[in-house]
Structures are given as C-alpha cells and as structure tokens.
Amino acid sequence: MLLAKAKDPAFWEKVRTSEVYRPLIDELFAIWEKDCTGDIPACKYSEYIVYNVTGSRSEYEGPYFTRRRAMNASAILALIYPDEEKYLNKLCDVIWAILDEYNWVLPAHIRNFKDNVVAFLDLFAAETGFALSEIEYLLEDRLPQLIRSRITAEIDRRIIAAYENQNFGWEKCTNNWAAVCVGSVGITYIYKHPELFESIRPRVEETLRCFLAGFPEDGICLEGFGYWHYGFGFFTFLADMVLQFTDGKINYFDQPKIREIVKYPQRMYLDGGTTVSFSDSGMSGQWHLGILHYLKNMFPDEVQIPPREYCYTNDGCGRWGKHLRAFLWLDETLESASETPEFTDYAAASQWLIRKTKNYSVAAKGGHNAEPHNHNDVGNFIVTKNGQQVLCDPGAGRYCKQYFGAERYTFFKACSRGHSVPIIGGQYQKAGRTHEGVSSFEDGVFTVEFSRAYEIESLKNLTRRFDFTEDAVIVSDTFAFEGEALPVTERFVSRLPAEITDAGVKTGGLTLVADGDVSITETEGCWCIDYAVKAGQTEFTLKVLA
C-alpha cells in the first residue's frame, strides 16, 4: 500500500495525542486561522494579466498560494480530526476553487497570453496535480463523488494529456525544474494511472538523470540552499514513491553522487542559523524536518541533522508534498546537533571554500558567471560573526519578469556591484560561462584567479588570496595590467551599518583594516565599503578582524 502510514488511523491518533507533533499542529491551526476562515480568493483575469503588463508577480501569486496553503491545512486537519466536518467542508470548497482555475500555471512561466493555454506543465501545475491526486487517494470516499470526478477529469486534461502530447524544456534541465516537474508528474501517474507508469518510466528517468547531472561531483547545489530543498526534495518524494510502488525493485537513491548531495545542507550552516547565500538564496536557511529525517534514515553515515530551531515544515507557496511529509517522516528518535561543528570544507568542483571557527565563519567562491540562478560574483565571500552575516552575499533579489530577463544584472543583488569583488576601471563583472575563475586550496590558503570574470582586455591577472588566523580573515588581491593600469575600487558589502573609525571600518562586530581612502554608501539595505586603490598599486590587502 502506498503511504501506508498516512492511511493508518492509528498514526493520526498518535499525531492528535503526542506532544511530538504539537508544534506541527499549532502551525496548522495558525494557517487555518489566516487562510481558511475567510472567503476563498477567486482567480481573476485582472490579476492574471498583471505579470504580462508590468512584470509583477505578487498580484496573482498571492491568492494562488493562499488557495494552496488553505488546501494543505484543511486536508491535513481533516486527516487528523476526521470527526470535525468543518475541515473537510473547507477542503471541498478550496479544491473546487482550484479546479476552477483557468490553468494551474503561474503567469511568470507563461509565454503566450493571447491563446487559451490550459494543458501546460510548469512547476506549480505539476505540483497541483501531485497534491490533488494524493489528497484524493488519502481521503477517498470522504470526498464527495463529484469532487473526485472533477479531480480525475482535470488531472487527465491538465497533467496526463499534457505530458503525453507535449515535450517540455524542463525535461532536459539540470536544475530544480527537472526534479520538481517530473517528480510531481511521476507521482500523479502512480496515483491516477499506475498502469501507465512503466511506459513513461524511461522518460522520467532521463529527466532525473539530467537533474542529477546539474550537481558537481562534490554535491554542491549551485542554485542555493532553498533550491536544494526544492529540487532534491521532490527527487526524494518521487524516489520514495517509486520504492513503494515497485516493492523496492527500483531505487533511485542507489547512485554514488547521491551520497554527496545528501550532505549539502549540513555543509551550508556557518554561524547559528546563518547559511551560505550564493546565487538566489537567503542569508538564513531552514532545513526541512521531513526531508532530512527521511534522508538521515536512508543515509545514516552521511547526513547530520542541524539544530531543530533552524527547521521548517511548510513554506509560503503551499507545497503539499513538504507539508504532509513533515508529519509522515518526522522521526522522534533522531537527535539534532546542538550547534554546527567547526570545520573546513573545500568543494573543488564547485570552487567553494567554507570554513567555520569559534570566532567567525567564512565562505568564498570561484566558479563562473553562468551558474543556475546566477549572480556575477566570482571571487565573492561572506564573513559571519555572532550568528549573522556581516560581510554578506545579499542573496536573491525580488522575483519579477525583469529579474529573470535581460535586465537581471541591472539589479544590485545579481550584479557584481552588490558583492565583495573589485570594480575595475569602473566596470563590473560580466555574465556568461567564459567569465570564470580558477581556484585552489593548498596548505590552508584559498586562491582564486578571476581576471576572466571581467571583460577587460588589459586586465591580465587578478588573483585573490584568502589566509586565515584564529581571529582574522586576510584577503589579498594582486592586479596585473597590460599597458596603463586602470583605477581599482575594492568593494566589500556589509548587511549591517558601517562606520569609519581610527581603528578601521567597524561593522557588525568586525573591524576592516586596509590602506587607502575609504567611503561608505548605503544601497538597498546594504553598506558598500569602498577602498580606492592608489594609481599604479598592484596589491591590496584587507584584514577582517573578528
């Protein structure tokens, strides 16, 4: 039986009565009060079309995600409290509203706003099919027959027919799209058309192969911490479902690279809940309770559980798979670490160095400027102190049409001007695979040569060296130009107010010490600390004292 635990009334009795699940239930009630006690927001044309006109996503996505959060909360509450009709009644109304949506695709993923486009599969259409098929499977005849018939008809029309009659670009993607879409589609087939799964399995497995190919051999998720949970989380949902469906005969976890990929979350914690925020990520990452508990049981020697206070069970987008599996996969016998241990971790294939000490933590990168969810940030670094990023990577910008289009690198957070890298002759780094760095880590020293990250013909060498002591990070840059040297501004970005003092620049518990005239400019919630390198100077050294 698929999801045998979730089909067992005894499990939901345990959820109702055990203190272990009380925090999860309290979260459900909070969502219920916020999203389920008022009217269900309708799907409106005026909101749907906004993205195509202005590039703004929030007008449509706000109500869209509210409906999904309401569906998840009312469905899980209906499972926990089967005798309370209000949860099932609300669920029926929410499902009805979702079935009535013009399509299940976000406008941000639509390219055609002129024709009637219903049978198209993006991340969220696929997730919706997954959610509806699993909810129907779990509740069965507790749902009215008309609701069940409509679920089947709409899934057949929007998911099954779309997958069988079209090919999608995400099938060859090497990022989260591949795993989320094919994982959701595969699970939907298993629930609604199990007799067809074998016929689509080669196609599913080819997409999974593409997804895993996007991870370097060191297991780093270049898209960022949240996208590991998204992409690899849905890989895990599908792999688990296929294990159940085939009675263990097909095991997608049985691949050498997986053992590196599952280590990724524990490697990203720097200081307290602060995480590495390269690419479109956040400065404070949360690990998913269900996913990591499940993977810990699958890979007990590889996975470490971060402190419980940094975990989450659901997100604002209302992802059903995550929310239900926080309940199903929570393992009360697993213990979280009290704090992330001190370590030094060099991921050679990704060109990332991550180092945690008792006084500070640092993350630095080489890489290239065509990474998934790319920022132009070769040579960039982060320094944390007292549980927060100080010298920071600002992480993801505001998602809108322009941010994912030709204007991306005009945004502070995606452009190198929003990162701790030099400005050469007034120019920033360029996007593209050839704009890259070459890094090494030898004898405790991390080095990146990244002159190619800039499109400056006369710049023949730009090498950044990181040395570490017990209480300092020493960043040394060396420049070489052909002909006349260009002016160089050494920029360092702090997320906290910065002040010039006699001892150096003070910011967030760190002191920055370097020669040269220094200025500070506040930009988009960050403080840009700029040192003007003297004309003809070929070296620059910054001491970051912790």
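Look a little higher up for the structure.
One structure accompanies this document, and this report is about it. (Residues numbered from 1 in each chain as written. Predicted model: local features only at pLDDT ≥ 70, side-chain atom pairs only at ≥ 80, totals over all residues. Heavy atoms only, no water.)

For the rest of this paragraph, the subject is the overall build of the chain. The secondary structure content of the chain amounts to 16 helices and 23 strands. Over its C-alpha trace the chain gives a radius of gyration of 25 Å, about what one expects of a compact globule, namely 24 Å for 546 residues. The principal-axis extent of the C-alpha atoms belonging to the chain is close to 80 × 55 × 45 Å. Counting every position in the chain, which comprises 546 residues, the buried fraction comes to 58%. Contacts in the chain between residues far apart in sequence, at least 24 positions, make up 69% of those at least 6 positions apart. For the chain, the accessible area works out to roughly 21,600 Å², and carbon and sulfur atoms hold 48% of it. A distance of 2 Å separates the average location of the 56 positive side-chain charges in the chain from that of its 76 negative side-chain charges. (Helix = DSSP H or I, 4+ residues; strand = E, 2+ residues; numbered from the N terminus. Rg over C-alpha atoms; globule rule 2.2 N^0.38 Å. Buried < 20%, exposed > 50% of the residue type's maximum accessible area, 1.4 Å probe, protein only. Contact = heavy atoms within 4.5 Å. Areas by Shrake-Rupley, 256 points an atom, 1.4 Å probe, with all protein chains shown as cover. Lys, Arg positive; Asp, Glu negative; His and termini not counted. Charge placed at Lys NZ, Arg CZ, Asp CG, Glu CD.)

At L3, a residue that is not glycine, the phi angle is positive and equals roughly 45°. Its place among the elements puts L3 in the segment before α1 (4-7). Note on L3: relative accessible area 6%, which makes it buried. One non-glycine residue, S279, lies in the positive phi region at around 65°.

So, about the sheet that holds strand β18 (residues 498-501). With respect to topology, eight strands assemble into an open sheet ordered β13-β14-β15-β16-β23-β20-β19-β18, the strand pairing being antiparallel. In the strand order of this sheet, the two ends are held by β13 (438-442) and β18, each with one partner. Adjacent strand axes in the sheet meet at a mean angle of 20°, parallel and antiparallel pairs treated alike. Strand direction decides the pairing type here: strand β20 (residues 510-513) and strand β23 (residues 539-545), joined by three bridges, are antiparallel. Bridge pairing links L512 to V544 in β23. (Pairing = 2+ DSSP bridges. Axes fitted to C-alpha atoms, helices over the stretch in contact; angles between N-to-C directions.)

Where helix α8 (residues 123-139) meets helix α16 (residues 320-329), the closest approach of the two axes is 9 Å, and the angle between their N-to-C directions is 40°. Between α8 and α16, the angle is such that the two are oblique. Only W320, G321, L324 and R325 of α16 make contact with α8, whose side of the interface consists of F130, A131, E134, I135 and L138. Tallied by class, residues from the contact of α8 with α16 come to six nonpolar, one polar and two charged. (Parallel < 35°, antiparallel > 145°, perpendicular 65-115°, else oblique. Nonpolar A, V, L, I, M, F, W, Y, C, P; charged D, E, K, R; others polar.)

Take the environment of E13 next. Counting through the fold element by element, E13 comes out in helix α2 (residues 9-17). Relative accessible area serves as the criterion here: at 35%, E13 is assigned to the partly exposed category. Put simply, E13 and I80 are 67 residues apart on the chain and 7.1 Å apart in space, counted from C-alpha to C-alpha.

Grouped together as the largest cluster of nonpolar side chains are 130 residues, with contacts concentrated most on W12, W228, F235, L295 and F327. It is helix α12 (residues 225-245) that provides the largest number of residues to this core, a total of 13 residues. The contact partners of W12, leaving out residues within four places of it in the chain, are A6, I76, L79, I80, L324, F327 and L328. Residues Y360, V378, L391 and Y454 belong to the second largest nonpolar core, which totals 39 residues. (Core = buried A, V, L, I, M, F, W, Y, C linked by side-chain atoms within 4.5 Å.)

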